[in-house]
Amino acid sequence: MKSYFSRGVRILFKKYLLLTNSITSGLFMTIGDVVQQEFEYQTNVIHTRYDWDRAARMFVVGTAMGPVHHYYYHYLDKLLPEISLKTVGKKILSDQLLASPSTILCFYYGMGFLERKTFKESTEEIKQKIKLTYMGDCLFWPPVQFLNFYYLPSHYRVFYINFATMIYNVFLSYMKHYDQHK
């Protein structure tokens, strides 16, 4: 049994790491959205339990972001390979100043595109929501990334981030959809 597990882990996290990172990014983003939809349903914000089209859009955007995260963190580990508090601080700073804003923009523009919004409509939504979204990002990700950069081997980084993103995506889904149910 252990050998099957070890073989599966080796296949998923070595041989097909990009695919694993991409699919788990989409799956975890979808799970975060479904959890948020359940909160909305339980509090009578929405009247249909699940909007599967919305969940599918979250899956598509999350899966599309998987390769970006895969290559970004691979490059970051090559650029800053040392595991020290100083290097981890640099990685977290890079993450907050580069990766987070671009990921937030990709999320809103990607979702807007799938919702058939114009570029201008998506830009207006971003202007309205970016400040609170980024503040939430800055509160959530630095401690999560500290654990990631200081303790995990690089081939587990994106999977760990995807898992943490599932939790963060409850907030992200709320930020994206809170004004659509008035």
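For the structure, check the block above.
Predicted, not measured: the structure shown is a model, and the values here were computed from it. Per-chain numbering applies: the sequence of each chain, read as written, is numbered from 1 onward. For a predicted model such as this one, the threshold for reporting local features is a pLDDT of at least 70, and the threshold for listing and counting side-chain atom pairs is 80 or more; totals across whole chains, interfaces and linings nevertheless cover every residue. Note that the side-chain values use all heavy atoms of the structure and ignore hydrogens as well as water.

Caption draft 1: View of the overall build of the chain. Within the chain, the regular secondary structure consists of six helices and zero strands. Numbering of helices and strands runs from the N terminus; a helix is a DSSP stretch of H or I covering at least four residues, while a strand is a stretch of E covering at least two. Ordered by position from the N terminus, the helices and strands of the chain form the series α-α-α-α-α-α. Only C-alpha atoms enter the radius of gyration; for comparison, a globular chain is expected to reach 2.2 Å times N to the power 0.38, where N is the number of residues. Computed over C-alpha atoms, the radius of gyration of the chain comes to 17 Å, within 12% of the 16 Å expected from 2.2 N^0.38 for 182 residues, which places it in the range of a compact globule. Oriented by its inertia axes, the alpha-carbon framework of the chain measures out at about 50 × 40 × 30 Å. A 1.4 Å probe rolled over the protein chains alone gives each residue an accessible area, and that area as a share of the maximum for its type sets the label: buried under 20%, exposed over 50%, partly exposed in between. Within the chain, the fraction of its 182 residues that count as buried is 43%. Across the chain, contacts joining residues at least 24 apart in sequence account for 74% of those joining residues at least 6 apart. Summed over all atoms, the accessible surface of the chain reaches about 10600 Å², with 69% contributed by carbon and sulfur. Here, residues are in contact when the closest pair of their heavy atoms is within 4.5 Å. Here the Shrake-Rupley method, with its probe set to 1.4 Å, supplies the accessible areas, and only the displayed protein chains count as covering residues.

Caption draft 2: Local environment of the environment of Arg57. Turning to its location among the elements, Arg57 is positioned in helix H3 (residues 52–79). A C-alpha to C-alpha distance of 9.4 Å links Arg57 and Gly26, two positions 31 residues apart in sequence. The residues touching Arg57, leaving out its near neighbours within four places in the chain, are Asp51, Met111, Leu114 and Glu115.

Caption draft 3: Spotlight on helix H2 (residues 17–42). For a helix, the expected span equals 1.5 Å multiplied by the number of residues minus one. For H2, which comprises 26 residues, the first-to-last C-alpha distance of 37 Å matches the rise-based estimate of 38 Å (1.5 Å per residue) to within 8%. Looking one or two places after H2, you find Asn44, whose phi comes out positive at around 60°.

Caption draft 4: Local environment of the packing of H2 against H3. Orientation is described by axes fitted as lines to C-alpha atoms, over the contacting stretch for helices, and by angles from 0 to 180 degrees between their N-to-C directions. Remark: H2 packs on H3, axes separated minimally by 7 Å, with the N-to-C direction vectors making an angle of 145°. For the element pair H2 and H3, the recorded crossing hand is right-handed. Polar here means any residue outside two lists: the nonpolar Ala, Val, Leu, Ile, Met, Phe, Trp, Tyr, Cys and Pro, and the charged Asp, Glu, Lys and Arg; Gly therefore counts as polar. Class assignment of the residues belonging to the contact of H2 with H3 gives a composition of 14 nonpolar, 11 polar and three charged. Helix crossings are classified by the rotation of the near helix relative to the far one: an anticlockwise turn of less than a right angle makes the crossing left-handed, while a clockwise turn makes it right-handed.

Caption draft 5: Representation of the packing of aromatic side chains in the model. Only rings of Phe, Tyr and Trp enter the pairing, Trp through its six-membered ring, and a pair is recorded when the two centres are within 6.5 Å. The plane angle decides the type: under 30 degrees is stacked, over 60 is edge-to-face, the rest tilted. Tallying each qualifying case throughout the model produces 14 aromatic pairs. Ring centres of Phe107 and Tyr108 lie 5.2 Å apart, and the angle between their planes is 70°; on these two criteria the pair is classed as edge-to-face. Residue Phe107 shares its accessibility class with Tyr108, and that shared class is buried. Through a chain of ring-to-ring contacts, the aromatic side chains of Phe140, Trp141, Tyr168 and Phe171 assemble into a single cluster.

Caption draft 6: Structural detail: empty space enclosed by the protein. Buriedness for pockets is judged along seven lines, at least five of which must meet protein on both sides within 12 Å for an open set on the 1 Å grid over protein atoms alone, while cavities are sets there where a 1.4 Å probe fits but cannot get out, and lining residues have an atom within 4 Å of a point. Grid points are joined across faces, edges and corners, and a volume is the space filled by probe spheres set on the points. Enumeration over the complete set of coordinates arrives at one cavity of 30 Å³ or more. Of the volumes computed, that of the largest cavity is approximately 230 Å³. Around the largest cavity sit 19 residues that line it, and His69, Thr103, Asp137, Trp141 and Thr165 are the ones nearest its centre. Of the residues assigned to the lining of the largest cavity, the class counts are nine nonpolar, eight polar and two charged.

Caption draft 7: Quick look at the side chain of Thr63. Positionally, Thr63 belongs in helix H3. Within the structure, the side chain of Thr63 is placed 2.8 Å from the backbone oxygen of Phe59, a separation counted as a polar contact. In this view, Thr63 contacts Ser22, Ser25 and Gly26; residues no more than four positions away in its chain are not counted. Side-chain atoms alone can form a polar contact between residues adjacent in sequence; in general such a contact is a pair of N or O atoms within 3.5 Å, and within protein one must be able to donate a hydrogen while the other accepts it.

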